[in-house]
Amino acid sequence: FLLFMVGLHLNPYFIKWVGVQSLLIGLAQVIITFALTFIVSFKILGFDAVTSSYVGIAIAFSSTIIIMKLLSDKRQLDSLSSKMSIGILIVQDLIAILVLIFISTVGSNQLEGFGYLAIKTFLIGAGLVLGLFLFGFFVLLKVVKSVARSQELLFLFSICWAFLASALFAFFGFSLEIGALLAGMILSVSPYSTEISSKIKPLRDFFLIIFFIILGLNLDISGIKYVFVDALILSAIVLFFKPIILMVFMTLFNYTKRTSFLVSTSLAQI
């Protein structure tokens, strides 16, 4: 529901404008952050190569849900910095899918099949996105116009559409979040997007509380004293070096210092 509401604030025409920049900045940030973390983990902390790789992967990506929640609470989803942040997050999610495929192929000793799986995944993903947008613009918007005569029907229809798109992406091995985000983006060009967003908000807040409770229950802090120093060093990479990397690349694309700062600080967590 959170990602669906974020999508309602993202007009596809704006995403087209920031798409290339988000792709290049997101890709560069992930690669450099991974490389820096791997070197620190391997050379300074003394982890083996496999462990260092996992740590590097974990730190290279930011938490989409936490960032979306913060931007939503501050009512900044329509700002340039927020849309750039969301664009970079989408790039990170796509890279994460390829990384997970790579890890699974290595684990099953079928590394030679990684290239085929990556191309297959990309084609399926591109086909899903294209199919959703074509269906949305030529069919869905007309249906929304009809169901909008009833407030209850518009509410139920919006929820069904969000679940349908999410389930479709999950069925093909992608994340639920990307499906929900795209579902919202398609409805963002509808004149009823603001109305839909206001009706979904109570559901979003209810389930988001449960999400953070479950997140807290899964945090085991009993052995923190054994990894405290390592955690401090790795946290420094997340909180200081990752924002610097993002600010440098944002500046290269001629963004203002304020926009660069807001984007980099938003993504400075995992």
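Quantities reported herein were computed from a predicted structural model and do not represent experimental measurements.

Chemist: Please explain the overall build of the protein chain as it appears in this structure.
Modeler: Secondary structure assignment for the protein chain yields eleven helices and zero strands. Ordered by position from N to C terminus, the α and β elements of the protein chain give α-α-α-α-α-α-α-α-α-α-α. Principal axes of the C-alpha set define a box for the protein chain whose edges measure 65 × 45 × 45 Å. Within the protein chain, the proportion of its 270 residues that are buried is 40%. Long-range pairs, those at least 24 residues apart, make up 77% of the contacts in the protein chain with a sequence separation of at least 6. Here the protein chain has roughly 15,000 Å² of accessible surface; of this, 73% comes from carbon and sulfur atoms. Placing the 17 positive and 11 negative side-chain charges of the protein chain at their respective mean positions leaves the two points 11 Å apart.

Chemist: Just checking my understanding: could you explain the side chain of S81 for this structure?
Modeler: Tracing the backbone shows S81 in helix α5 (residues 80–107). The contacts of S81, once residues within four sequence positions are left out, are T259, L262 and V263.

Chemist: Would you take a moment to explain the packing of helix α4 (residues 64–73) against helix α9 (residues 193–217) for this structure?
Modeler: Each pair of packed helices can be described by the angle between their axes along with the distance between the axes. Closest axis-to-axis distance for the α4/α9 pair is 12 Å, and the angle between their directions is 140°. With respect to α9, the element α4 is oriented oblique. Both α4 and α9 take part in a crossing whose hand is left-handed. Residue-level contacts link I65, I66, K69, S72 and D73 of α4 to R204, D205, L208, F211 and F212 of α9. Here the contact of α4 with α9 is composed, by residue class, of five nonpolar, one polar and four charged.

Chemist: Sorry if this is basic, but what is going on with the packing of aromatic side chains here?
Modeler: Note on aromatic pairs: each is described by the distance of the centres and the angle between the planes. In total, this model carries nine aromatic pairs according to the counting rule given. Note on F1 and F163: the rings are 5.8 Å apart at their centroids and 80° apart in plane angle, and the pair reads as edge-to-face. With a gap of 162 residues between them, F1 in the segment before α1 (2–8) and F163 in helix α7 (residues 151–171) connect regions that are remote in the sequence. On the basis of relative accessibility, which here comes to 52%, the residue F163 falls in the exposed class.

Chemist: What is the right way to look at the confidence of the model for the protein chain in this model?
Modeler: Should the pLDDT be low somewhere, the predicted coordinates at that spot are not to be read in detail. Here the protein chain shows a mean pLDDT of 83. Residues at 70 or above account for 90%. Here α5 is the element of the protein chain with the lowest mean pLDDT, 75, and α7 is the one with the highest, 91.

Analysis parameters
Residues numbered from 1 in each chain as written. Predicted model: local features only at pLDDT ≥ 70, side-chain atom pairs only at ≥ 80, totals over all residues. Heavy atoms only, no water. Helix = DSSP H or I, 4+ residues; strand = E, 2+ residues; numbered from the N terminus. Buried < 20%, exposed > 50% of the residue type's maximum accessible area, 1.4 Å probe, protein only. Contact = heavy atoms within 4.5 Å. Areas by Shrake-Rupley, 256 points an atom, 1.4 Å probe, with all protein chains shown as cover. Lys, Arg positive; Asp, Glu negative; His and termini not counted. Charge placed at Lys NZ, Arg CZ, Asp CG, Glu CD. Axes fitted to C-alpha atoms, helices over the stretch in contact; angles between N-to-C directions. Parallel < 35°, antiparallel > 145°, perpendicular 65-115°, else oblique. Left-handed = near helix turned anticlockwise from the far one by under 90°. Nonpolar A, V, L, I, M, F, W, Y, C, P; charged D, E, K, R; others polar. Phe/Tyr/Trp six-rings, centres within 6.5 Å; stacked < 30°, edge-to-face > 60°. pLDDT = per-residue confidence, 0-100.

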